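Listed below, chain by chain, are the residues.
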Amino acid sequence: MSLSLLGLCPPPDSSDSELELSTVRHQPEGLDQLQALTKFTKKELQSLYRGFKNECPTGLVDEETFKLIYSQFFPQGDATTYAHFLFNAFDADGNGAIHFEDFVVGLSILLRGTVHEKLKWAFNLYDINKDGYITKEEMLAIMKSIYDMMGRHTYPILREDAPLEHVERFFQKMDRNQDGVVTIDEFLETCQKDENIMNSMQLFENVI
């Protein structure tokens, strides 16, 4: 996931400003706390914050702003629905806004997390209603949104039923006890054991 993809690429050079970061709204713990929560250095966090503040002076990103920023990078398709799901995955406390802390914690997992951490984050994305399970309907909704975002002009040309076929194949492998839902344990175990699924996860990473 690149910062430029989110439209949050920091300016090339600015003086360090630990004090400024420590007073960012909603982040009273400041730099040391954020460093403890992520795998970024202080210098990286300062650069990330400058970029974030440049795009979002209030220190918050609402869903509409997130969608606008994100859709700029997929002009060939409709990124609105996928951006909605992605926004909810970043909005850790579910309050309808992404704080700088939400952003860097999620970004740290996606860029520098272990395979286990990245898969847990992916599970959270697919678990749309956050009930701890992924249903076939939820997986299909995410998959359709990815196909919509990539556009109809992708190569090779995708059939209309391609997302459903994709989900049917994945779900059959993941729902090990055939109870109609995928748990976090089933998701992790299946993904880590199946090379094809791990390769397909690259699609997920590429569209972050």
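The structure displayed is predicted, hence computed values, not measured ones.

A. Region of interest: the environment of F171. On the secondary structure map, F171 appears in helix α9 (residues 162–174). For the pair F171 and K136, spaced 35 residues apart in sequence, the C-alpha separation works out to 6.7 Å. Aside from chain neighbours lying at most four places away, what touches F171 is I134, T135, K136, M139, G180, V181 and V182.

B. Geometry of the packing of aromatic side chains. Evaluation of the coordinates by the stated rule reveals 12 aromatic pairs. A ring pair is formed by F66 and F90, whose centres lie 6.4 Å apart and whose planes are at 50 degrees; its orientation type is tilted. Highlighted residues: F66 in helix α4 (residues 63–71) and F90 in helix α5 (residues 80–90), separated in sequence by 24 residues. For the pair shown, F66 and F90 are each scored as buried.

C. Structural detail: the side chain of D91. Mapping D91 onto the fold places it in the loop between α5 and β2 (97–99). Among buried charged residues, D91 stands out as having no salt bridge; its nearest opposite-charge side chain is K130, 9.5 Å away. One polar contact links the side chain of D91 to the main-chain amide nitrogen of N95, over a distance of 3.2 Å. Discounting residues that sit within four places of it in the chain, D91 has contacts with G96, A97, I98 and D102.

D. Looking closely at the UniProt feature "domain: EF-hand" (unreviewed entry) in the chain. Those places that UniProt annotates as "domain: EF-hand" (unreviewed entry) correspond, in this numbering, to residues 78–113, 114–149 and 162–197. As a span, residues 78–113 carries 67% helix and 8% strand, and end to end its C-alpha atoms are 29 Å apart. As a span, residues 114–149 carries 72% helix and 8% strand, and end to end its C-alpha atoms are 27 Å apart.

E. Highlighting the pattern of salt bridges. As enumerated under the stated definition, the model contains nine salt bridges in all. A salt bridge links E64 to K67, with the shortest nitrogen-to-oxygen separation between them at 3.9 Å. Residue E64 and its partner K67 are located together in helix α4, separated by three residues, close to a single helical turn. Under the relative-accessibility criterion, K67 is labelled buried at 17%. One salt bridge connects E189 with R176, and the closest N-O pair in it is separated by 3.8 Å. In this pair, E189 sits in helix α10 (residues 184–193) while R176 sits in the loop between α9 and β4 (181–183), placing the two residues 13 residues apart along the sequence. Using a relative accessible area of 32% as the deciding quantity, one classes E189 as partly exposed. Counted as one network, the salt bridges with shared partners bring together E63, E64 and K67.

What counts, and at which threshold
- Residues numbered from 1 in each chain as written.
- Predicted model: local features only at pLDDT ≥ 70, side-chain atom pairs only at ≥ 80, totals over all residues.
- Heavy atoms only, no water.
- Helix = DSSP H or I, 4+ residues; strand = E, 2+ residues; numbered from the N terminus.
- Contact = heavy atoms within 4.5 Å.
- Phe/Tyr/Trp six-rings, centres within 6.5 Å; stacked < 30°, edge-to-face > 60°.
- Buried < 20%, exposed > 50% of the residue type's maximum accessible area, 1.4 Å probe, protein only.
- Lys, Arg positive; Asp, Glu negative; His and termini not counted.
- Salt bridge = Lys/Arg side-chain N within 4 Å of Asp/Glu carboxyl O.
- Polar contact = N/O pair within 3.5 Å; in protein donor to acceptor, adjacent residues only side chain to side chain.
- UniProt positions renumbered as here; feature names shortened; annotations may be inferred.

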